[in-house]
Amino acid sequence: MGFLSNKISRDDVKPGDHIYSWRQAYIYAHHGIYVGDGQVNHFTRGDGQETGTGTFLDNIIVSSSHNHGDNPCPNCGDRSNLGGVISSCLECFLAGGDLYVFEYSVSPAIFLAKPRGGVCTIASSDPPEEVIYRANFLLQNGFGVYNVFKNNCEDFAIYCKTGLLVANTDVGRSGQAASIVAAASVLLSSPLRFVAGFGGLAVAGYGMYCTSRLVSDIGMRWDVSKVPVERLVADVERLVADVADKSEMEAKSEEKKTTNPKLLTPVLP
């Protein structure tokens, strides 16, 4: 594994490693946890897409479950339509791409030397046995609803490695999402208009981008806490139940209005 590249061989991957593989000509990467015996637990929306943002991203980011067409994998079968936390063989997870390992406990200098987000973090990893326990527990119990910015495959892998959750979920733990937000902030930043010359603009813009990435890293944020995986699942289940109850109440209210015309008649002064 080099200074700028986290690429490793299949022989070097170890149980508990956070691994990833680039998709769509290096536009984005899919992340997972290698749990041993050639298996990877990873989080995907499935159903032909990995994200449902309603934006141009839907045309770029495709399902992370490898589609074998008419020749399904002898180990995994066809899992292209599955969503949530799933287990796949390493070959299906890589989907023909190269294997990379996500680095933990890197220094701020190393973090900033890798301009692409989603490849390392300043946060430290828990022991492999804890990582594998979380990954297998979530395989059985789920990791909530997939969201490309707030709760994606990288967020899943980082949680398995660290047990850390972000309190403010406008952007989750994902370095890829943080990079997108940082780049957008630079492009829309008004102070850059006062920087003279293209060179000065480029330096100032890159400095803002790096600073934004650094302060967004889960190892630097103040709004994180260690959450046991059992409590995480219980909180998700409670949230889903609350949403279901609210939807049921709203549906009953609408049904009442439909069956009782008086509720639909405005009161005139």
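As the structure is a prediction and not an experimental result, all values here were calculated from the model.

### What to know about the overall build of the chain
Then, number 1: Assigned secondary structure in the chain consists of seven helices and seven strands.
Then, number 2: Overall, the chain shows an N-to-C arrangement of helices and strands of β-β-β-β-α-β-α-α-α-β-α-α-β-α.
Then, number 3: Taken over 269 residues, the chain has a buried fraction of 43%.
Then, number 4: Counting contacts in the chain only where the partners sit at least 6 residues apart, residues at least 24 apart contribute 62% of the total.
Then, number 5: Roughly 14,500 Å² of accessible area belongs to the chain as shown, and the carbon and sulfur atoms make up 59% of that amount.

### Let's talk about the pattern of salt bridges
Oppositely charged side chains may form a pair once their charged atoms are brought near each other.
Then, number 1: The final tally for this structure, using the stated rule, is nine salt bridges.
Then, number 2: Close ionic contact of lysine 114 with glutamate 103 constitutes a salt bridge, the shortest N to O distance being 2.3 Å. Placement of the pair is lysine 114 in the loop between α2 (108-113) and α3 (128-141) and glutamate 103 in the loop between β5 (100-101) and α2, with a sequence separation of eleven residues. With respect to burial, lysine 114 and glutamate 103 carry one shared label: buried.
Then, number 3: A salt bridge links aspartate 223 to arginine 221; the shortest N-O distance between them is 2.9 Å. Grouping residues by exposure puts aspartate 223 and arginine 221 together as buried.

### Let's talk about the nonpolar core
Then, number 1: Ile33, Leu138, Phe143, Phe156, Tyr159, Cys160 and Leu232 are the most contacted members of the largest nonpolar core, which has 21 residues in total.
Then, number 2: The biggest single contributor to this core is α3, with five residues.
Then, number 3: Once residues lying within four places of it in the same chain are set aside, the contact partners of phenylalanine 156 are Ile33, Asn41, His42, Phe43, Val85, Ala135, Leu138 and Phe143.
Then, number 4: Listed in part, the 16 residues of the second largest apolar core include Tyr104, Val106, Val119 and Leu164.

### Section: helix α4 (residues 153-162)
Then, number 1: Buried residues dominate α4, accounting for ten of its ten residues.
Then, number 2: For α4, the complete set of buried residues consists of Cys153, Glu154, Asp155, Phe156, Ala157, Ile158, Tyr159, Cys160, Lys161 and Thr162.
Then, number 3: Two to three positions downstream of the cap, the backbone nitrogen of glutamate 154 sits 3.0 Å from a side-chain oxygen, assigning the N-cap of α4 to asparagine 152.

### Focus: the environment of aspartate 78
Then, number 1: The residue aspartate 78 is located in the loop between β3 (39-44) and β4 (84-89) in this model.
Then, number 2: It is 9.7 Å that separates the C-alpha atoms of aspartate 78 and cysteine 92, two residues lying 14 residues apart in sequence.

### Considerations on the packing of aromatic side chains
Then, number 1: Applying the stated rule across the entire model yields nine aromatic pairs.
Then, number 2: With centroids separated by 5.9 Å and ring planes inclined at 40°, the aromatic side chains of tyrosine 133 and phenylalanine 137 adopt a geometry described as tilted. Of this pair, tyrosine 133 and phenylalanine 137 both sit in helix α3, separated by four residues, roughly a single helical turn.
Then, number 3: Centre to centre, the rings of phenylalanine 143 and tyrosine 159 are 6.1 Å apart; their planes meet at 35°, and the pair counts as tilted. A residue pair is termed long-range when its members are at least 10 positions apart, and phenylalanine 143 in the loop between α3 and α4 and tyrosine 159 in helix α4 qualify at 16 residues.
Then, number 4: Note on tyrosine 159: relative accessible area 0%, which makes it buried.

### Focus: α3
Then, number 1: A rise of 1.5 Å per residue sets the reference length of α3, with its 14 residues, at 20 Å; its end C-alpha atoms lie 20 Å apart and thus fit the reference within 8%.
Then, number 2: For α3, the complete set of buried residues consists of Val131, Ile132, Arg134, Ala135, Phe137 and Leu138.
Then, number 3: One or two positions beyond α3, positive phi appears at glycine 142, with a value near 90°.

What counts as what
- Residues numbered from 1 in each chain as written.
- Predicted model: local features only at pLDDT ≥ 70, side-chain atom pairs only at ≥ 80, totals over all residues.
- Heavy atoms only, no water.
- Helix = DSSP H or I, 4+ residues; strand = E, 2+ residues; numbered from the N terminus.
- Buried < 20%, exposed > 50% of the residue type's maximum accessible area, 1.4 Å probe, protein only.
- Contact = heavy atoms within 4.5 Å.
- Areas by Shrake-Rupley, 256 points an atom, 1.4 Å probe, with all protein chains shown as cover.
- Salt bridge = Lys/Arg side-chain N within 4 Å of Asp/Glu carboxyl O.
- Core = buried A, V, L, I, M, F, W, Y, C linked by side-chain atoms within 4.5 Å.
- Polar contact = N/O pair within 3.5 Å; in protein donor to acceptor, adjacent residues only side chain to side chain.
- Phe/Tyr/Trp six-rings, centres within 6.5 Å; stacked < 30°, edge-to-face > 60°.
- Expected span 1.5 Å × (residues − 1).

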